[in-house]
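Examining the three-dimensional arrangement
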Number of protein chains: 2
Amino acid sequence: MPTLNTFDKQILRLLQRDGGLSQSQIGEQVNLSTAAVNRRIKSMQAEGIIDGQVAVLDPRRLGYPLTLIVEVRVESERIDLLEEMQRNFLACPQVQQCYYVTGECDFVLIFLVRDMEHYVALSQQLFHANPNIRGFRTMVAMSRLKTGMTVPVDD
Amino acid sequence: MPTLNTFDKQILRLLQRDGGLSQSQIGEQVNLSTAAVNRRIKSMQAEGIIDGQVAVLDPRRLGYPLTLIVEVRVESERIDLLEEMQRNFLACPQVQQCYYVTGECDFVLIFLVRDMEHYVALSQQLFHANPNIRGFRTMVAMSRLKTGMTVPVDD
DNA sequence: CGTGAAAATGGGATTAA
DNA sequence: TTAATCCCATTTTCACG
């Protein structure tokens, strides 16, 4: 596993802010030829350090103005029951994020929904319909102060 | 505000999965000429429906294997105190996401950290050092089952 | 790592439907 | 008005020094 040098880190920081930058633009900003930038990017992609590239959409413009954070507590931790639950969560497009956690609850989900009615319907289907779910607690996001999947890139 | 047709929605779904697709590849998949794809993408960018494009990095490969979800309860909701708090949260690169919420707590933060020691240090600085923070509750993510900022695109 | 040439892609204009 | 074809500018990629 190749250790990242200063150039690589600079490139990662730029790409994480704007994945649409051309390799020549990156080259200018970090003082490298486009060929060198190309090589480094390709190598980091092959290494799995760069996992991909995605378009960022505005949820409000697509009719999903509401963000909800939901904590789910389960009844039994039986592996087959947990896996079935996970499958249900992951299959739901409105479940934007899903974490399996330690602590006072078992899952934390982040929902993107059209309105509260929409969420009520989803929670019926995902939570109330599942006898292995002991309970859930919903928090409504008044503002999304920071979103994105940005990873710190240290010097 | 232009209503999205079936082509636009198909394009959005593709780009959200892989922002690196060429316009001709998209054209093939949705049965459209590259020029048509180009115009639609540009229009959606201008509209703000497409907000940008970012590289997705693997946090583990960058030395950030731990994801934590933290609920913060504040003492006073005084606007100036809240804003100062927000500034501190947002300025911290290890705070990947930050939501201001209703419900049993006031903020939900998602951290990316190197290890627990790292988190302890950050929590000292962000939470214990702030007298307006009544308390916080930390959950450790055992698995990140679904991440990303994907927005549902309905038919 | 940089240079330069070749290949691929992006983006505009024109034409056809 | 909308999409397809063609064409040129830009970008990416590769071989070599």
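Please refer to the structure higher up on the page.
These lines cover the structure that appears in this document, whether it is placed above or below. (Residues numbered from 1 in each chain as written. Chains lettered and ligands numbered in written order. Predicted model: local features only at pLDDT ≥ 70, side-chain atom pairs only at ≥ 80, totals over all residues. Heavy atoms only, no water.)

Note that an α-helix has 3.6 residues per turn; residues three or four places apart therefore point the same way. Residue and element names in this part refer to chain A. Here helix α4 (residues 79–91) contains 13 residues, and its C-alpha end-to-end distance of 18 Å stays within 8% of the 18 Å for a straight helix at 1.5 Å per residue. Within α4, the full set of buried residues consists of Leu-82, Met-85, Gln-86 and Phe-89. End-on, the buried residues of α4 take up no more than an arc of 105 degrees, which puts them together on one face. Exposed side of α4, more than 90 degrees from the buried face: Arg-87 and Ala-91 are the residues found there. (Helix = DSSP H or I, 4+ residues; strand = E, 2+ residues; numbered from the N terminus. Expected span 1.5 Å × (residues − 1). Buried < 20%, exposed > 50% of the residue type's maximum accessible area, 1.4 Å probe, protein only. Arc of directions from axis to C-beta.)

Take the interface of chain A and chain B next. The partner chain B presents 66 residues to the 65 residues of chain A that form the contact. A combined buried area of about 6,300 Å² lies between chain A and chain B, and 60% of that area is made up of carbon and sulfur atoms. Counting the contacts that link chain A with chain B gives eight salt bridges. The salt bridge partner of Glu47(B) is Arg61(A), with a shortest N-O separation of 3.0 Å. One can count 40 residue pairs in polar contact (both at pLDDT 80 or more) joining chain A with chain B. The set of elements that each furnish at least two residues to the side of chain A that touches chain B consists of α1 (6–17), β1 (50–57), β2 (66–74), α4, β3 (95–101), β4 (107–113) and β5 (133–146) of chain A. (Contact = heavy atoms within 4.5 Å. Buried area = accessible area lost by both parts, 1.4 Å probe. Salt bridge = Lys/Arg side-chain N within 4 Å of Asp/Glu carboxyl O. Polar contact = N/O pair within 3.5 Å; in protein donor to acceptor, adjacent residues only side chain to side chain.)

This brings us to the sheet that holds strand β4 (residues 107–113) of chain B. Taken in spatial order, the eight strands close into a barrel running β2(A)-β4(A)-β3(A)-β5(B)-β2(B)-β4(B)-β3(B)-β5(A), and their pairing is antiparallel. Each strand axis lies, on average, 35 degrees off the axis of its neighbour in the sheet, ignoring direction. (Pairing = 2+ DSSP bridges. Axes fitted to C-alpha atoms, helices over the stretch in contact; angles between N-to-C directions.)

Function cannot be inferred from these measures alone, as they are strictly geometric.
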